[in-house]
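The residues making up each chain are set out below.
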Amino acid sequence: MATDLHELLRSLRVWDVDLPSFDPSTAPDTPLPLFTAWFAEAVAAGQVEPHTMSLATTDEQGLPDVRTVMLHGADEEYGWTFATHAGSRKGRHLAARPYAAIGFYWPAQGRQIRIRGPVTTAAPEESQGDLHARSTGALAAALTGRQSEELGSLRELASASEEAWDRAQREPEAPVPSWTLYRLQPDEVEFFQGDARRRHVRLVYRRSGDGGWNRGLLWP
């Protein structure tokens, strides 16, 4: 008998764990230290792949798209960084409209972090350095290339992937000119702490005109 989607959805529960408390009055003046602390706590709580995030972009017509990518770093100077091929769909979107939003969801602690702002690209040598600091598999995937293009068959993919793996093992510094490191410098960062009684705490940082940050609370 086929599963009824609506019945299945109604049977599910969220946050079947003890959630941490969050007092926004103790939050730092800037968002990065709080992000770093929450990230470390997510790792300690056993959150699976806490470094993955949703990346939302828009195309030339303003139509949105979203996908899951990996966080490559975050600092005060450059913001949050990720990487992809410049010719991929997200790369083309960012070339046309260099503004994006990213979102982290860590259900192990009922937490979300939402970040949005303008996006810039790193210098080619930095992008290549980012790629070559990663695993052989990551280099092989980058060497396979043609991301987001139409694929004729899985056999074609298997052949290209095998060739890319062989080269990545032979040439660990093999260049991939299309590989690009992107930097999102946030205009707004929101921290969401879930609550079992739905009294969720939402703290938002917004960039001020002088480059500093203003903080405020949002209704859940």
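In case you missed it, the structure is sitting above this.
Residues numbered from 1 in each chain as written. Predicted model: local features only at pLDDT ≥ 70, side-chain atom pairs only at ≥ 80, totals over all residues. Heavy atoms only, no water.

**Quick notes on the packing of helix α5 (residues 136-144) against helix α6 (residues 154-170)**
For step 1, the next point in the chain: Two elements in contact, α5 and α6, have axes whose closest approach is 8 Å; the angle formed by their N-to-C orientations is 130°. Between α5 and α6, the angle falls in the class oblique. As α5 runs across α6, the sense of the crossing is right-handed. Of the residues in α6, those in contact with Thr136, Gly137, Leu139, Ala140, Leu143 and Thr144 of α5 are Leu157, Ala160, Ser161, Ala164, Trp165, Arg167, Ala168 and Gln169.
For step 2, the next point in the chain: For the contact of α5 with α6, the residue count by class is eight nonpolar, five polar and one charged. (Axes fitted to C-alpha atoms, helices over the stretch in contact; angles between N-to-C directions. Helix = DSSP H or I, 4+ residues; strand = E, 2+ residues; numbered from the N terminus. Parallel < 35°, antiparallel > 145°, perpendicular 65-115°, else oblique. Left-handed = near helix turned anticlockwise from the far one by under 90°. Contact = heavy atoms within 4.5 Å. Nonpolar A, V, L, I, M, F, W, Y, C, P; charged D, E, K, R; others polar.)

**Side note on a nonpolar patch on the surface**
For step 1, the next point in the chain: Taken together, the side chains of Leu5, Leu8, Leu9 and Leu12 present a nonpolar region at the surface, about 400 Å² in accessible area.
For step 2, the next point in the chain: As for its placement among the helices and strands, leucine 8 is situated in helix α1 (residues 5-11). (Patch = residues over 30% accessible without salt bridge, like charges linked within 9 Å, V, L, I, M, F, W, Y side chains within 5 Å. Areas by Shrake-Rupley, 256 points an atom, 1.4 Å probe, with all protein chains shown as cover. Salt bridge = Lys/Arg side-chain N within 4 Å of Asp/Glu carboxyl O.)

**Regarding the pairing of strand β8 (residues 188-193)**
For step 1, the next point in the chain: Of all six residues in β8, six are buried, a share of seventy percent or more.
For step 2, the next point in the chain: Here β8 shows two buried faces, one formed by Glu188, Glu190 and Phe192 and the other by Val189, Phe191 and Gln193.
For step 3, the next point in the chain: Across six bridges, the pairing between strand β6 (residues 111-121) and β8 is antiparallel. Across the sheet, residue arginine 116 finds its bridge partner in β8, namely glutamate 188.
For step 4, the next point in the chain: In terms of strand pairing, β8 meets strand β9 (residues 201-207) through six bridges, oriented antiparallel. What sits directly across from glutamate 188, in β9, is arginine 206. (Buried < 20%, exposed > 50% of the residue type's maximum accessible area, 1.4 Å probe, protein only. Pairing = 2+ DSSP bridges.)

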